[in-house]
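Descriptive analysis of the structure
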Amino acid sequence: MKIAAIGGGVIGGGWIARFILAGHDVRVFDPHPEAQRIVGEVMANASRAWAKMFLAPLPEPGQIIWTKSIAEAVEGADYIQESVPERLDLKHKILAEIEAAAPATAIIGSSTSGFKPSELREGAKHPARILVAHPFNPVYLLPVVEIVGGGEAAARATALLTEVGMKPVSIAQEIDAHIGDRLLEAVWREALWLVNDGIATTEEIDDIIRYGFGLRWAQMGLFETYRIAGGEAGMKHFLAQFGPALKWPWTKLMDVPDLDDRLVGMIADQSDAQSGKHSIRELERIRDDNLVGIFQALKANDWGAGQSLREMENRFYARKVEAPSGYPLRLHTARVSGDWLDYNGHMTEFRYLQVLGDATDAFMIHVGLDEAYRAGGFSAYTVETHIRHLAESSGGEKLTVETRLIGHDAKKFRLFHRILKEDGTEAATGEHMLLHVDTKAGRTVPMNDALKARLDQIATEDAALPAPEAAGAAIRAIGQREAVA
Ligand SMILES: NC(=O)C1=CN([C@@H]2O[C@H](COP(=O)(O)OP(=O)(O)OC[C@H]3O[C@@H](n4cnc5c(N)ncnc54)[C@H](O)[C@@H]3O)[C@@H](O)[C@H]2O)C=CC1
Ligand SMILES: C[N+](C)(C)CC(=O)CC(=O)[O-]
């Protein structure tokens, strides 16, 4: 899949980060003199957030390829994400340039917050392939993307965006500002009035959201939340009780305060007082850490956006790695994230077990002990592990795991992994005993013939090598008391 991104600002940078982290190369054009620095900073925050968010091993990230023109970026592209400033004349000019150079089959998704597909498509050569693909900031974390425009293009965009962990929601009928921004603008207008009228400061309004209904919205949205608020009688009672208030003059509705110098200055000053002690990048990291925590809570409850996280993770777990030929097997690589380091600045203990465990998962997929096999009610459980820590690993290092099958029979197998640094130094070894189990009965049972045959075949390759020196090693006794014991 060849992906291009036109515009690498707040939203374009987020898109680029999501595609890259999901393992795709992205060709980018943005004429801003500092575009590479800006996207680099967004990428750094995004990589940090993904390392915290996913337990599953992440794919090797794709590459950013910076180009000197739109034509160079979109040549041969299958999917193009346009994220230039929200001006229709500019979007038309950029879309025309994209169409002049992109294959006729390429899909063009626009990040536009407000324009309808019919507006974007004015004057287009192949209008049906231009869609609204409107995300929410930060694009590398929030899954939802509003797809407007329909047809085959929407189906293809939906497939790609699902593959990179998004939750595309198709909107059948085009309207200005789609759905999300219609809702957000209503709240935003009210908030501006409240500040304008001196009723509340920016901080007080944010507190009412983040200590209150904002927490509810992350997990149940509006209708489900209000259904509960109707008590046992549910939504009908809620509407009967609070419906009339909609006609009372509670809100300013469509009325917008003039964003004159006075109001802009007031809001900016209050916002500085509220959050000026943090840089924007710091605020992004605080936001990302909070979002990751929310995602993980939702994943634990298998609810809402936690389901998108789980689905993406399952895809990462199920990824079959094209193993380079040769033996020992090389099925898993990992990049040491800054988040994995301890107070000594080195990869902390339990992350070694994570890397080894991921290598074991990769071996299981390699031999056919995969999702389909588990669906049949059988799996393998690790029952014993011995790790030797041999060299420090630092942030950013790439680690490769070499895997050997050093013993097996019909009910169990024994793996020996070596974690290697880029210069070939051994960072750790891990030896693991796994039992083949009937997951429903909860007991060890013989594996099926195909799996056994696959292990037999790998074992013949292993027989050509001397046994690993450390295989079967235990921790040495210290002093007489232990030695006697
Ligand atoms: N900022 C937000 O919260 C959201 C914005 N959007 C939409 O995303 C789009 C982009 O908005 P932002 O990223 O916020 O704006 P931005 O101002 O942060 O980024 C726009 C980028 O486009 C680049 N650009 C300008 N002319 C260009 C050209 N001829 N070719 C390539 N790149 C060019 C600029 O250098 C800049 O880096 C807009 O349509 C906006 O409505 C969608 C969701 C949320
Ligand atoms: C302010 N905005 C209209 C550009 C916001 C969006 O489009 C979505 C978001 O991320 O809030």
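Thresholds applied
Residues numbered from 1 in each chain as written. Chains lettered and ligands numbered in written order. Predicted model: local features only at pLDDT ≥ 70, side-chain atom pairs only at ≥ 80, totals over all residues. Heavy atoms only, no water. Salt bridge = Lys/Arg side-chain N within 4 Å of Asp/Glu carboxyl O. Buried < 20%, exposed > 50% of the residue type's maximum accessible area, 1.4 Å probe, protein only. Phe/Tyr/Trp six-rings, centres within 6.5 Å; stacked < 30°, edge-to-face > 60°. Helix = DSSP H or I, 4+ residues; strand = E, 2+ residues; numbered from the N terminus. Near = heavy atom within 4 Å. Polar contact = N/O pair within 3.5 Å; in protein donor to acceptor, adjacent residues only side chain to side chain. Areas by Shrake-Rupley, 256 points an atom, 1.4 Å probe, with all protein chains shown as cover. Nonpolar A, V, L, I, M, F, W, Y, C, P; charged D, E, K, R; others polar. UniProt positions renumbered as here; feature names shortened; annotations may be inferred. Axes fitted to C-alpha atoms, helices over the stretch in contact; angles between N-to-C directions. Parallel < 35°, antiparallel > 145°, perpendicular 65-115°, else oblique. Left-handed = near helix turned anticlockwise from the far one by under 90°. Contact = heavy atoms within 4.5 Å. Pairing = 2+ DSSP bridges.

It is worth spelling out the pattern of salt bridges at this point. Tallied over the full model, the rule gives 28 salt bridges. Here D302 ties to R310 by a salt bridge, and the two come within 3.5 Å at their closest N and O atoms. Classification of D302 by relative accessible area gives partly exposed; the value is 39%. With relative accessibility at 32%, the residue R310 sits in the partly exposed group. Residues R418 and E426 are paired through a salt bridge, measuring 2.5 Å at the closest nitrogen-oxygen approach. On the accessibility criterion, R418 (26% relative accessible area) is partly exposed.

Turning our eyes to something else, we now look at the packing of aromatic side chains. Enumeration over the complete set of coordinates arrives at 10 aromatic pairs. Aromatic side chains F238 and F242 sit 4.9 Å apart centroid to centroid with 45° between the ring planes, which places their arrangement in the tilted category. With F238 and F242 both in helix α10 (residues 234-242) and four residues apart, this pair spans about one turn of that helix. Overall, the relative accessible area of 10% leaves F238 in the buried class. Site record: aromatic cluster; members linked through ring pairs are W15, F19 and Y79.

Within the structure, ligand 1 sits among 21 residues, and I11, D30, E86, K91 and S113 are positioned closest to it. Here an oxygen atom of ligand 1 and a side-chain polar atom of E86 are 2.6 Å apart. In isolation ligand 1 exposes 830 Å². Once the protein is present, 75% of that is buried. Secondary structure elements with two or more residues in the shell around ligand 1: α1 (10-21), α4 (88-101) and β6 (130-135). Taken together, the residues of the shell around ligand 1 sort by class into nine nonpolar, nine polar and three charged.

As recorded in UniProt, the feature "domain: 3-hydroxyacyl-CoA dehydrogenase NAD binding" (unreviewed entry) lies at residues 2-171. Helix and strand shares over residues 2-171 are 39% and 21% respectively, and the end C-alpha atoms of the span are 26 Å apart.

Quick look at the site of ligand 2 now. The immediate surroundings of ligand 2 are formed by S113, H134, F136, N137, D181 and L184. For ligand 2, an oxygen atom lies 2.9 Å from a polar atom in the side chain of S113. Here ligand 2, which alone exposes 320 Å², has 55% of that area covered by the protein. Looking at side-chain class alone, the shell around ligand 2 contains two nonpolar, three polar and one charged residues.

Further remarks concern the packing of helix α2 (residues 35-53) against helix α12 (residues 280-300). As a packed pair, α2 and α12 sit with axes 10 Å apart at the nearest point and diverge in direction by 25°. As the angle between them shows, α2 and α12 are arranged roughly parallel. Regarding α2 and α12, the two cross each other, and that crossing is right-handed. Across from I38, E41, V42, N45, R48, A49, K52 and M53 in α2, the residues of α12 making contact are R281, E284, R285, D288, D289, V292, F295 and Q296.

This brings us to the pairing of strand β7 (residues 144-148). Within β7, four of the five residues are buried, leaving the element largely enclosed by the surrounding structure. Two strands pair when backbone bridges link them, and β6 and β7 are joined in this way by four bridges, in the antiparallel orientation. Opposite P135, over in β7, you have V145 as the bridge partner. The pairing of β7 with strand β8 (residues 167-171) spans five bridges and is classified as parallel. The partner of V145 across the bridge, within β8, is P168.

On to the packing of helix α8 (residues 202-220) against helix α11 (residues 261-275). Close contact between α8 and α11 brings their axes to 8 Å; oriented N to C, the two are set at 60°. For the pair α8 and α11, the contacting residues are T202, E203 and D206 in the first and I267, Q270, S271 and Q274 in the second.

Further remarks concern the UniProt feature "binding site: NAD(+)" (unreviewed entry) in the chain. Here, UniProt's "binding site: NAD(+)" (unreviewed entry) annotation points to G7, G8, G9, V10, I11 and G12. For G7, the position within the fold is in the loop between β1 (3-6) and α1. Residues within four places of G7 in sequence aside, it is in contact with G12, I16, F29, D30, S83 and V84. Among the secondary structure elements, I11 is positioned in helix α1. Given the relative accessible area of 22%, I11 is considered partly exposed. Residues in contact with I11, not counting those within four places in the same chain, are S83, S111, P135, N137 and V139.

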